[in-house]
Amino acid sequence: MSFNKGVDQAQEIVKALAEIQKPLKIFAILKLADEFYTKSEREALLSKYEALIKADQAAYESIQTAQPQDGLGHEERVAKYGKQKAKELLSPVTAAMNIRKETTQKIREFGAKHPLITQLFGVRGGF
C-alpha cells in the first residue's frame, strides 16, 4: 500500500467520523436534557431562551434603524454640527446600544445558568 493510499483512507475515516459526530452529539444533548429537566421545564426554558434571543435581535435592529441617515461619520458629524448636536443626534443609537448590552447580558446569564438548554435550542433548529 502506498503512502498516498493510506492518507486517502485515513481522510475517508476522518470524514466518516465527522458525519457520525453530529447525530451523536444531538442524541447526547437530548438524553442529558431528559436527565436534568422535565419536559415542561425544558419547554418553559426553551421558550424563555427564544424570547431572550428575539429581544436581542430586536435590540440589534433598533440600533440599525436609530443610525442617523445623513451618511456622515462621527467626526464629520461633529465638524458639521458641533460636538453637542452630534451627541444629540447619536443619543437614540446610544440608547439602543445600551438596551442591546442588557439583552446580550441576559442571554449570557441564561447560558451560564442553563448551558444544556442553549445547546438543546441549537440542535432543535433554533435561530
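Before any of the text, the structure's been laid out above.
Residues numbered from 1 in each chain as written. Predicted model: local features only at pLDDT ≥ 70, side-chain atom pairs only at ≥ 80, totals over all residues. Heavy atoms only, no water.

**Topic: helix α2 (residues 39-66)**
Given 3.6 residues per turn, any residue in an α-helix points the same way as the ones three and four places further on.
Right, so step 1: Over its 28 residues, α2 extends 40 Å from the first C-alpha to the last, a length consistent with the 40 Å expected when each residue adds 1.5 Å.
Right, so step 2: The complete set of buried residues in α2 reads Arg-42, Leu-45, Leu-46, Tyr-49, Leu-52, Ile-53, Asp-56, Ala-59, Ile-63 and Ala-66. (Helix = DSSP H or I, 4+ residues; strand = E, 2+ residues; numbered from the N terminus. Expected span 1.5 Å × (residues − 1). Buried < 20%, exposed > 50% of the residue type's maximum accessible area, 1.4 Å probe, protein only.)

**Regarding the nonpolar core**
Right, so step 1: Core analysis: the biggest nonpolar cluster contains 14 residues, and Tyr-49, Phe-110 and Ile-117 have the highest contact counts within it.
Right, so step 2: Elements with a contribution of two residues or more to this core: α1 (3-36), α2, α4 (83-113) and α5 (115-123).
Right, so step 3: Ignoring any residue separated from it by four or fewer positions in sequence, one finds Ile-117 in contact with Tyr-37, Arg-42, Leu-45, Leu-46 and Phe-110. (Core = buried A, V, L, I, M, F, W, Y, C linked by side-chain atoms within 4.5 Å. Contact = heavy atoms within 4.5 Å.)

**Notes on the environment of Thr-104**
Right, so step 1: As for its placement among the helices and strands, Thr-104 is situated in helix α4.
Right, so step 2: Thr-104 sits 75 residues away from Ile-29 along the chain, and the two C-alpha atoms are 24 Å apart.
Right, so step 3: Polar contacts involving the side chain of Thr-104 include one to the main-chain carbonyl oxygen of Arg-100, which spans 2.9 Å. (Polar contact = N/O pair within 3.5 Å; in protein donor to acceptor, adjacent residues only side chain to side chain.)

The quantities given are spatial measurements derived from coordinates; they are silent on function.
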